[in-house]
Structure formats: structure tokens, C-alpha cells
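# Summary of structural features
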Amino acid sequence: DAAITVAQDDQWKRIRTVLSPAFTSGKLKEMFPIIKNLGDILIKNVQAKAEHDESMDMKEIFGAYSMDVVVSTSFGVNIDSMNNPNDPFVTNGKRLFLIKFLNPKILLIVFFPCLVPLLKKMKVHLFPKDLMHFYMNAISSIKEKRQKGKHEDRVDFLQLMVDSQTEDISESGGINHGYKALTDAEIMAQSIVFILAGYETTSTALSFLFYYLATHPNVQQRLQK
């Protein structure tokens, strides 16, 4: 219930107030070099396969690219999913998508939201505990390093959320409402939301885009020009 997608009332307003500055055009432009660098790595990986005349699963390739972008912009962690498929962030990131819509837990929450408080008391979790522990430990470790100044002046969502814990939280009008900063659990929840929202959607959209470009060479040539 700490994610902005399910938070309610004052908690939702507080989280929104903290996250909104992260999505300004200025902040997003600062993340562009990270995305561009990962795009260059994607091109090199594809070129290497093309030079060896290897077949390519574009969904897998763009899935790796999407994972790199989402994890890098969310956690500030550099990974190469295509060449390092066993990286903990890659394997645990993919585990987030193993839960099916017809999962009994999801059905209970969707059709009987009144049972959510009971499920909490029974310590029933939507995601496996070890998966949540991984992300919480990762965030705590990254946060500790960055508080010591070891973040190379990177701009990513995690850094912006960590900064909110040491800065006054105010709305766009500059009015301080005395909101409490995000807790580590709330930071983890928002980071997982970023992965869920950005991984599958981006990889699927890019796969369809390149499929249609491949089946419409005239449009591909116009794009190249």
C-alpha cells in the first residue's frame, strides 16, 4: 500500500508531492545521457550479432534494453542485461512479471478490497518475501553509499527520492505543508512501480515498432534518411 498507484488520501498526496519534481522536463533531460549511453550499448550488441549472422529475438533484445534503462534511471545501477542475464537486478526484475493476473491473491484484492486489511494482518504478500528483501537491501546499500557521496553526481529517480529525505517537501507553489519524507519502504515501492510500468511496456512497443519497420522497408528507408 506504499506505492503511489494504490496509496490513498494524504499518503498519496505526500508521495505525489515528492515524486512530481522528478518528472519535470529539466530532470528528465538530465537523465537523457544515461538513456543515450544505453542506446549505444544496444546498437553495439545488435551489430555484434549481425556481423556473425546470428538470429535475434527482438523481444528479448529490447527487453534487455528496457531493463537496463529502467534499472539505471530508477536505481542508478549500471547493468548489461544482454551480456549479463544472471545479474541479480535482471533476474529479480523479471520475477516481478511472473505473477499472473489470475493469481488468487490478485483476484482477492481486486474483487474483495475489503479483505486487504485482513491479508495484511495475516502477512500475505503479493510478491515473494525474498524478492522484497532484495530490493529493500539494494536500496539501503545504494542509499548508504550515496549518503557518503559515492554517487558520481548521477541523476535518477532513486537519488531524487533519497534527496527528499533531507530536504523540505513543498508543492509546486513553494508552500511547505510539513509532509514527512518518503520512508525506505515507500522508496522501494515507487522503484518497483517504475520497473513494472516501464519494462514490459517499453520492450513491447519497441518490438512492434521494429517489426513494422522490417515489414515496411520503404518506411524504414524514409526514417534512415
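Rules used throughout
- For every chain, the first residue of its written sequence is number 1, and the numbers climb from 1 along that sequence.
- The predicted nature of this model means local features are confined to residues of pLDDT at least 70 and side-chain atom pairs, given and counted, to a pLDDT of 80 or more, with totals for whole chains, interfaces and linings taken over all residues.
- Processing note: side-chain calculations cover all non-hydrogen atoms of the structure and skip hydrogens and water entirely.
- Here a helix means four or more residues in a row that DSSP labels H or I, a strand means two or more in a row labelled E, and each is numbered from the N terminus.
- Contacts are assigned to residue pairs with any non-hydrogen atoms lying within 4.5 Å of each other.
- Between N or O atoms, a polar contact is any pair within 3.5 Å; within protein, one atom must be a potential hydrogen donor and the other a potential acceptor, and residues adjacent in sequence are included only when both atoms are from side chains.
- Whether two aromatic rings pair depends on their centres lying within 6.5 Å, for rings of Phe, Tyr and Trp, where Trp uses its six-membered ring; planes under 30 degrees apart make the pair stacked, over 60 edge-to-face, and the rest tilted.
- Under the scheme applied here, a residue whose accessible area is under 20% of the maximum for its type counts as buried, over 50% as exposed, and between as partly exposed, the area being computed with a 1.4 Å probe on protein chains only.
- For our purposes a nonpolar core is just a set of buried Ala, Val, Leu, Ile, Met, Phe, Trp, Tyr and Cys residues, chained together by side-chain atoms within 4.5 Å.
- The predictor rates its confidence in each residue with pLDDT, a number between 0 and 100.

Let's shift gears to the environment of Leu 160. Among the secondary structure elements, Leu 160 is positioned in helix H8 (residues 157-163). C-alpha of Leu 160 to C-alpha of Pro 21: the two residues are 139 residues apart in sequence and 8.4 Å apart in space. Discounting residues that sit within four places of it in the chain, Leu 160 has contacts with Ala 22, Lys 27 and Met 31.

Moving on, we come to the side chain of Glu 186. Along the polypeptide, Glu 186 turns up in helix H9 (residues 184-215). A distance of 2.5 Å separates a polar atom in the side chain of Glu 186 from a polar atom in the side chain of Arg 14. Ignoring sequence-local partners within four residues, the contact set of Glu 186 consists of Ala 2, Gln 11, Arg 14, Ile 15 and Ala 181.

Our focus in this paragraph is the packing of aromatic side chains. Summed over the entire model, instances satisfying the criterion amount to five aromatic pairs. Consider the rings of Phe 62 and Phe 210, whose centres lie 4.8 Å apart with planes at 40°: the pair is tilted. Of the two residues, Phe 62 is situated in helix H3 (residues 58-75) and Phe 210 in helix H9; the sequence distance between them amounts to 148 residues. On the accessibility criterion, Phe 210 (37% relative accessible area) is partly exposed. Aromatic pair Tyr 211 and Tyr 212: ring centres 5.3 Å apart, planes at 70°, arrangement edge-to-face. Tyr 211 sits in the partly exposed class, given a relative accessible area of 48%. One aromatic cluster in this structure is built from Phe 89, Phe 134 and Tyr 135.

Attention shifts here to the side chain of Gln 190. Take Gln 190: it is sitting in helix H9. Polar contacts involving the side chain of Gln 190 include one to the main-chain amide nitrogen of Ile 4, which spans 2.9 Å. Beyond its immediate chain neighbours, meaning those up to four positions away, Gln 190 contacts Ala 2, Ala 3, Ile 4, Ile 15, Leu 19 and Met 161.

Our next topic: the nonpolar core. Residues Phe 75, Phe 89, Leu 96 and Tyr 135 are the most contacted members of the largest nonpolar core, which totals 34 residues. Sorting the residues of this core by element identifies helix H1 (9-19), H3, helix H4 (88-95), helix H7 (129-147), H8 and H9 as the ones contributing at least two each. With residues up to four places along the chain from it excluded, the contact list for Phe 89 reads Met 67, Val 71, Phe 75, Val 77, Ile 79, Phe 134, Tyr 135, Ala 138 and Ile 142.

Right, let's get into the confidence of the model for the protein chain. For the protein chain, the average pLDDT comes to 78, and 87% of its residues sit at 70 or higher. Within the protein chain, the lowest mean pLDDT, 72, falls on helix H5 (residues 104-111), and the highest, 89, falls on helix H10 (residues 217-224). This stretch, residues 169-178, has a pLDDT under 50; its non-local contacts, to residues over four places away or in other chains, come to 17 contacts.

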